[in-house]
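Here is how the chains run, residue by residue.
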Amino acid sequence: MTAHSAAMSEHEYREAKFFQTFGSVPTPAFHDPEEQTRVWGRPWGCTSDVGKLRAVLMHRPGEEINVVDKNKPMPEIGGFGDPEKGWYFMGKTPPDLAAMQAAHDAFTKLLRSEGVDVILTEKAAPGALKSTFCRDSVIGVKGGAIVTRLARRARRGEELMVTQALAKAGCPILGTLHGEAVFEGGGFALIDDKTAVCSVSVACNPEGVRQVEMILNSLGVELIKVPMPGYRIHIDGSFMMIDRETAIININELPYVFIDYLNKRGMKLIELPPEDNAFSLNCLAIGPGRVVMHATRTPRLADRLDAAGIEILTLDYECIELNGGGIHCSTGPLARDPI
């Protein structure tokens, strides 16, 4: 026995030896498929916009649509709306809820027939009539999802419905936008596993872009920023990946520098014909070169898609498009196979 104090107690030594033996295990990484399956039940996330779709978040139109008041027309801009309450409906006639539900049911049936796990949200908040457009509230990225923050007052609060659905499904949430950030998922696209593009717009402000970019950079993904003209809100109205290195574009809504970038990387660009419905571009790839698109595309676009080897699954979706969003808007991909 010496006069010196003991370096540690026997209990402290035993505790240190436990944590030395059973230490931190940072590998395999969070997004490793086997690790995700063991911890989260399945591999989650997306590394492209065209890999085989495995899981998608959707919302069946419900009572929230009834906020539309036919006595609130807005003839100067078309449709119906109440600026004080924040809701708006872009169709020239009031919504037909039964028809909207039938169209949505046909969509979910088609996806399930393709082996997609359709995860439905619960009841929407009262009056949140855009809740069908889940794309805007969630972005699927490598290993999980980002919950966004919606820009317009009519849509604020959809984030909670989506967050609850993700938690119930067991999908990891890698980030939630906060502060004064606004960013909607229709303003985001994955070009490949290392490159994404977003719109900078009235719906995707610089702070929202900064927060999304911070998460993407941590995943090894570069974010290209594309300023949208005027009050165009989302890039999914002008750029849509439909196959490996193949996209549909609206040349009137994209800056030349971005079109030039796509050309220089050797992408095949299918231009939307001027006579086509804008919602033809708002489609969904459920696998490389296999796309769900609405029924009203023109023969010229159909020929261009056929020449590019794109297989089209047709869906009648016009009654939902009258609410301001299409097939792409109605889906929040949560899991895709790598390509």
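What you are looking at is a predicted structure, and each value in this text was computed from that prediction instead of being measured.

Caption draft 1: Looking closely at the sheet that holds strand E6 (residues 144–147). Ordered in space as E5-E6-E7, the 3 strands form an open sheet in which the pairing is mixed. The open sheet is flanked by strand E5 (138–141) and strand E7 (173–176), the only strands paired with a single partner. Averaged over neighbouring strand pairs, the angle between their axes works out to 20° when direction is ignored. Bridging between E5 and E6 involves 4 bridges; their strand directions are antiparallel. Each bridged residue has a counterpart across the sheet, and for Ile139 the counterpart in E6 is Ile146. Relative to E6, helix H4 (residues 158–169) is tilted by about 160°, and along the sheet it contacts E5, E6 and E7.

Caption draft 2: Geometry of helix H6 (residues 256–264). Where H6 is concerned, the buried positions are Phe258, Ile259, Asp260 and Leu262. The inward-facing, buried residues of H6 contact strand E8 (188–192), strand E9 (195–200), strand E10 (222–227), strand E11 (239–243) and strand E13 (268–271). Directly beyond the C-terminal end of H6, a positive phi value near 80° is found at Gly266.

Caption draft 3: Quick peek at the nonpolar core. In this structure, Ile191, Val197, Phe239, Ile242, Ile248, Phe258 and Leu305 are the most contacted members of the largest nonpolar core, which totals 31 residues. Among the elements of the structure, E8, E10, E11, strand E12 (246–249), H6, strand E15 (290–294) and helix H7 (299–307) are those that each provide at least two residues to this core. In terms of nonpolar packing, the next biggest core, distinct from the first, is built from 26 residues, Val56, Ile65, Val68 and Met100 among them.

Caption draft 4: Spatial organisation of a nonpolar patch on the surface. On the surface, a nonpolar cluster with roughly 400 Å² of combined accessible area is contributed by Phe18, Phe19 and Phe22. Position of Phe22 relative to the elements: it lies in the loop between helix H1 (10–21) and helix H2 (33–40).

Caption draft 5: Geometry of the pattern of salt bridges. Per the counting criterion, the structure on display carries 20 salt bridges. Residue Arg152 is joined to Glu184 by a salt bridge in which the shortest nitrogen-to-oxygen separation is 2.4 Å. Taken together, the residues Arg152 in the loop between E6 and H4 and Glu184 in the loop between E7 and E8 connect sequence positions 32 residues apart. Relative accessible area serves as the criterion here: at 22%, Arg152 is assigned to the partly exposed category. Each member of the salt-bridge network shares a partner with another, and the members are Glu114, Arg290 and Glu311.

Caption draft 6: Up close: the packing of aromatic side chains. A full pass over the atoms with the stated rule returns 5 aromatic pairs. Each ring, one from Phe107 and one from Tyr317, has its centre 5.5 Å from the other, and the planes form 80°; the classification is edge-to-face. Residue Phe107 is found in helix H3 (residues 97–113), and its partner Tyr317 is found in the loop between strand E16 (311–315) and helix H8 (318–321); the two are separated by 210 residues along the sequence. When its relative accessible area of 0% is taken as the criterion, Tyr317 is described as buried. A centroid spacing of 5.3 Å and a plane angle of 75° characterise the contact between Phe239 and Phe258, whose relative ring orientation is edge-to-face. Of the two residues, Phe239 is situated in strand E11 and Phe258 in helix H6; the sequence distance between them amounts to 19 residues. Residue Phe239 is classed as buried on the basis of its relative accessible area of 1%. The class for Phe258 is buried, based on a relative accessible area of 3%.

The rules behind the values
- Residues numbered from 1 in each chain as written.
- Predicted model: local features only at pLDDT ≥ 70, side-chain atom pairs only at ≥ 80, totals over all residues.
- Heavy atoms only, no water.
- Pairing = 2+ DSSP bridges.
- Helix = DSSP H or I, 4+ residues; strand = E, 2+ residues; numbered from the N terminus.
- Axes fitted to C-alpha atoms, helices over the stretch in contact; angles between N-to-C directions.
- Contact = heavy atoms within 4.5 Å.
- Buried < 20%, exposed > 50% of the residue type's maximum accessible area, 1.4 Å probe, protein only.
- Core = buried A, V, L, I, M, F, W, Y, C linked by side-chain atoms within 4.5 Å.
- Patch = residues over 30% accessible without salt bridge, like charges linked within 9 Å, V, L, I, M, F, W, Y side chains within 5 Å.
- Areas by Shrake-Rupley, 256 points an atom, 1.4 Å probe, with all protein chains shown as cover.
- Salt bridge = Lys/Arg side-chain N within 4 Å of Asp/Glu carboxyl O.
- Phe/Tyr/Trp six-rings, centres within 6.5 Å; stacked < 30°, edge-to-face > 60°.

Everything listed here is a matter of coordinates, which is why it stays silent on function.
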